[in-house]
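Breakdown of the fold
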Amino acid sequence: DSGVTQTPKHLITATGQRVTLRCSPRSGDLSVYWYQQSLDQGLQFLIQYYNGEERAKGNILERFSAQQFPDLHSELNLSSLELGDSALYFCASSAQTGQGETQYFGPGTRLLVL
Amino acid sequence: GENVEQHPSTLSVQEGDSAVIKCTYSDSASNYFPWYKQELGKRPQLIIDIRSNVGEKKDQRIAVTLNKTAKHFSLHITETQPEDSAVYFCAAHFTGTYKYIFGTGTRLKVLA
């Protein structure tokens, strides 16, 4: 167990809908990262937050947004869902940012868009 | 832009043999290079990492080497066992943009 929690574990929804994925980092970690992993694909970096502020942005679609709250948990919002958004979404956390630190991954949320 | 290339995409070895996976990165300012093992449907788990001020690091049967000049790093697994079968990802941390970029993964099969 990495100490990073994600909810829900599974999510099934329809095209056009909106969902929210939640992540709680390890105790004391200030950075949260979101990744998308499609079937048999690599990990695509979406976005990073550090202590409530957006720090880095990857290939995140405009239909997707995220935020990190004062208690450091983070939410990833996916809207106008398409079939191609079906994937595993991982959250990871690390202690701080800038120097390169170990990331600890949560168990992931498996999203299926029908 | 930031990029990490990983080879090979699949690798089959006989139990007891060694396995080597190679990655190259685009930005010489990268300072941290972790390797993750991911079993089917599970989270990536860190198996070893190396920082830019170190050329080699070893942990039991696993070792990582880093060549900063050539901008490549490699994972070496010796005396492979069936439980080593998984997908392995390399990654690089880019200090200028704070991003972690992952390689495309190597599916390792250890044949008993």
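Numbers given to residues run from 1 along each chain, matching the order in which its sequence is written. Chain letters start at A and ligand numbers start at 1, both assigned in the order the entries are written. This being a predicted model, a pLDDT of at least 70 is required before a residue's local features are given, and a value of 80 or more before pairs of side-chain atoms are given or counted; all residues contribute to the totals for chains, interfaces and linings. The basis for every side-chain value is the complete set of heavy atoms in the structure, and neither hydrogens nor water enter the calculation.

Thoughts on the sheet that holds strand β1 (residues 5-7) of chain A
All names here are of chain A. We call two strands paired when DSSP finds no fewer than two bridges between them. Numbering goes from the N terminus for both helices and strands, where a helix is a DSSP run of H or I of at least four residues and a strand is a run of E of at least two. Read from one edge of the open sheet, four strands run β1-β3-β8-β7, paired in antiparallel fashion. Of all the strands in the sheet, the pair left with one neighbour each is β1 and β7 (64-68). Sheet twist, expressed as the mean angle between neighbouring strand axes with direction ignored, is 15°. Orientation is described by axes fitted as lines to C-alpha atoms, over the contacting stretch for helices, and by angles from 0 to 180 degrees between their N-to-C directions.

Considering a nonpolar patch on the surface
Residues and elements named next belong to chain A. A cluster of nonpolar residues, Ile12, Leu112 and Leu114, forms a patch on the protein surface that exposes about 310 Å² of accessible area. Along the chain, Leu112 turns up in strand β11 (residues 109-113). Exposed residues in this analysis have more than 50% of their type's maximum accessible area, buried residues have under 20%, and partly exposed residues fall in between, with area computed by a 1.4 Å probe over protein chains only. You can call Leu112 partly exposed: its relative accessible area is 38%. For patch building, the residue pool is restricted to those with more than 30% relative accessible area and no salt bridge; the joining distance is 9 Å between like charges and 5 Å between nonpolar side chains (Val, Leu, Ile, Met, Phe, Trp, Tyr). For the area figures, the Shrake-Rupley method with a 1.4 Å probe applies, and any residue is considered shielded solely by the protein chains shown. One speaks of a salt bridge when a side-chain nitrogen belonging to Lys or Arg is within 4 Å of a carboxyl oxygen belonging to Asp or Glu.

Section: the pairing of strand β5 (residues 44-50) of chain A
Residues and elements named next belong to chain A. Counted residue by residue, β5 has five buried out of seven residues, so it is predominantly covered. Strand direction decides the pairing type here: strand β4 (residues 31-37) and β5, joined by six bridges, are antiparallel. Paired with Tyr33 across the strands is Gln48, a residue of β5. Here β4 hands over to β5 after six residues, with Asp40 in that stretch at a positive phi of 55°. Here β5 folds back onto strand β6 (residues 53-57) in antiparallel fashion, the turn holding two residues, of which Asn51 has a positive phi close to 50°.

Things to note about the packing of aromatic side chains
Given two aromatic rings, their pairing is described by the distance between the two centres and the angle made by the two planes. In summary, the pairing rule links any two rings of Phe, Tyr or Trp, Trp by its six-membered ring, whose centres are within 6.5 Å, and it sorts them by plane angle into stacked for under 30 degrees, edge-to-face for over 60 and tilted for everything else. In total, this model carries 13 aromatic pairs over all chains according to the counting rule given. Ring centres 5.3 Å apart and planes at 85° place the aromatic pair Tyr33 of chain A and Tyr100 of chain B in the edge-to-face group. With one member in each of two chains, Tyr33 of chain A in strand β4 and Tyr100 of chain B in strand β10 (residues 99-102) form a pair that bridges those chains. For the residue pair Tyr33 of chain A and Tyr100 of chain B, the accessibility class agrees, reading buried in each case. An angle of 90° between the planes, with centres 6.3 Å apart, marks the rings of Tyr32 of chain B and Tyr100 of chain B as edge-to-face. Note that Tyr32 of chain B is positioned in strand β4 (residues 32-38) and Tyr100 of chain B in strand β10, a separation of 68 residues in sequence. Note on accessibility: Tyr32 of chain B and Tyr100 of chain B belong to one class, buried. An aromatic cluster of at least three residues, connected via ring pairs, comprises Tyr35, Phe45, Phe90 and Phe105 of chain A together with Tyr36 and Phe102 of chain B. Only when the NZ of Lys or the CZ of Arg is both within 6 Å of the ring centre and within 35 degrees of the ring normal is a charge said to sit over the ring. Directly above the aromatic system of Tyr104 of chain A lies the positively charged group of Arg26 of chain A, at a separation of 3.8 Å from the ring centroid.

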